Amino acid sequence: MKKVILSVAIIAAIGLTSCKKETKKVEEATTTEVSKEITMTNLSFGVRGNCGMCKSTIEKAANSVEGVIAASWNKDKKKIDVSFNGDKTGAVAIHKAIAASGYDTEKVAANNMAYNNLPECCQYDHEMNMDQSDKIKSKDH
Ligand SMILES: [Cu+2]
């Protein structure tokens with residue numbers, strides 16, 4: 001009888017440890033995914049534009065690139081802040097997507113057809129300075 005109890009205990013113990021191992025495996029998988037998210041890249045560059053409508057077009061274009069997590073264009077600074085997964089996309093793809101929507105970036109000139117299709121108020125001056133964050137800073141002083 002004692003032997004039976006002992007073997008039951010052993011089986012239970014084995015069962016418990018194997019269960020624990022499985023749980024650990026799941027935890028490891030989750031940790032890997034989280035560390036992948038940490039490869040997020042933040043990028044800021046100049047983009048020309050005028051108004052709130054420009055802002056939504058520019059941000060929509062940036063967000064349409066697979067791997068882009070967040071995009072925020074600043075109307076006064078003429079500058080966009082983009083967060084993206086560096087494994088999935090890169091700066092060039094984001095510049096190109098914004099240019100295709102009709103907006104000049106520091107590196108890629110706007111698509112002319114897209115620019116001409118923008119509402120009149122959004123047809124910004126191609127000579128406009130981009131990334132005016134320094135100027136705005138000095139204005140604040
Ligand atoms: Cu606009």
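One can find the structure itself at the top, above this paragraph.
Remember, predicted model here, so these are calculated numbers, not experimental data. Along every chain, residues carry numbers that run from 1 in the direction the sequence is written. Totals for whole chains, interfaces and linings use all residues, but because this is a predicted model, local features are given only for residues with pLDDT of at least 70 and pairs of side-chain atoms are given and counted only at 80 or more.

Engineer: Break down the overall build of the protein chain for me, with residues and values.
Structural biologist: Helix and strand definitions follow DSSP, with helices as H or I runs of at least four residues and strands as E runs of at least two, each counted in order from the N terminus. Across its full length, the protein chain holds five helices and three strands. When the helices and strands of the protein chain are placed in sequence order, the string is α-β-α-β-β-α-α-α. Each residue is classified by how many other C-beta atoms fall within 10 Å of its C-beta atom, where C-beta atoms are placed from the backbone; a count of 20 or more means buried, 12 or fewer means exposed, and values in between mean partly exposed. Across the 141 residues of the protein chain, 21% fall into the buried class. By definition, residues are in contact whenever their C-beta atoms, placed on the basis of the backbone, come within 7 Å of each other. Contacts in the protein chain between residues far apart in sequence, at least 24 positions, make up 60% of those at least 6 positions apart.

Engineer: Which residues make up the nonpolar core, and what values do they have?
Structural biologist: Ranked by internal contacts, the top residues of the largest apolar core, which has 18 residues, are Ile58, Ala62, Ile80, Val82, Ile94, Ile98 and Tyr103. Of all the secondary structure elements, the ones that give two or more residues to this core are helix H2 (52-63), strand E2 (68-74), strand E3 (79-85) and helix H3 (91-100). Apart from the residues lying within four places of it in its own chain, the contact partners of Ala62 are Val68, Ala71, Ile80, Val82, Ile94, Ala97 and Ile98. A set of buried Ala, Val, Leu, Ile, Met, Phe, Trp, Tyr and Cys residues, joined to one another through C-beta atoms within 7 Å, is what we call a nonpolar core.

Engineer: Explain the packing of H2 against H3 residue by residue, including any values.
Structural biologist: Axis definition: a line fit to C-alpha positions, over the contact stretch in the case of helices; interaxial angles, taken between N-to-C directions, run 0 to 180 degrees. For the pair H2 and H3, the least separation of the axes is 8 Å and the interaxial angle reads 140°. Comparing their axes, H3 and H2 come out oblique. Note on packing geometry: the crossing formed by H2 with H3 is right-handed. Taken together, the residues of H3 that come into contact with H2 (itself represented by Ile58, Ala61 and Ala62) are Ile94, Ala97, Ile98 and Ala100. Gly is put with the polar residues, along with every residue not named as nonpolar or charged; the nonpolar set is Ala, Val, Leu, Ile, Met, Phe, Trp, Tyr, Cys and Pro, and the charged set is Asp, Glu, Lys and Arg. When its residues are assigned to classes, the contact of H2 with H3 shows seven nonpolar, no polar and no charged. An angle below 35 degrees is read as roughly parallel, one above 145 as roughly antiparallel, one from 65 to 115 as roughly perpendicular, and any other as oblique. Two helices that cross are described as forming a left-handed crossing if the nearer one is turned anticlockwise from the farther one by less than a right angle, and a right-handed crossing if clockwise.

Engineer: So what's going on with unusual backbone geometry? Which residues, and what values?
Structural biologist: Of note in this structure, Lys78 is not a glycine but carries a positive phi near 55°. By the secondary structure assignment, Lys78 is in the loop between E2 and E3. Since 24 C-beta atoms lie within 10 Å of it, Lys78 is described here as buried.

Engineer: Pulling in residues and values, what's your account of the pairing of E2?
Structural biologist: Relative to E3, E2 runs antiparallel, the two sharing six bridges. By the bridge assignment for E3, Ala71 is matched with Val82. Only strands that DSSP links by at least two bridges are regarded as paired with each other. Between E2 and the antiparallel strand that follows it, E3, lie four residues; Lys78 among them carries a positive phi value of about 55°.

Engineer: Outline the environment of Lys77, supporting the account with residue identities and numerical values.
Structural biologist: Assignment of secondary structure puts Lys77 in the loop between E2 and E3. In sequence terms Lys77 and Asp134 are 57 residues apart; their C-alpha atoms lie 8.5 Å from each other.

Engineer: Describe the sheet that holds E3, naming the residues involved and giving the relevant values.
Structural biologist: With respect to topology, three strands assemble into an open sheet ordered E1-E3-E2, the strand pairing being antiparallel. Every other strand in the sheet has two partners, leaving strand E1 (40-46) and E2 as the edge strands with one partner each. The sheet shows a mean angle of 15° between the axes of neighbouring strands, direction not considered.

Engineer: If you had to explain H2 to someone new, which residues and values would you point to?
Structural biologist: One full turn of an α-helix is made of 3.6 residues, so residues set three or four places apart face in the same direction. By this rule the span expected of a helix is its residue count minus one, scaled by 1.5 Å. Taking 1.5 Å as the rise per residue, H2 with 12 residues should run 16 Å; its terminal C-alpha atoms sit 16 Å apart, in good agreement. Three or more residues of H2 are buried, namely Cys54, Thr57, Ile58, Glu59, Ala61 and Ala62. Taken together, the buried residues of H2 touch E2, E3 and H3.

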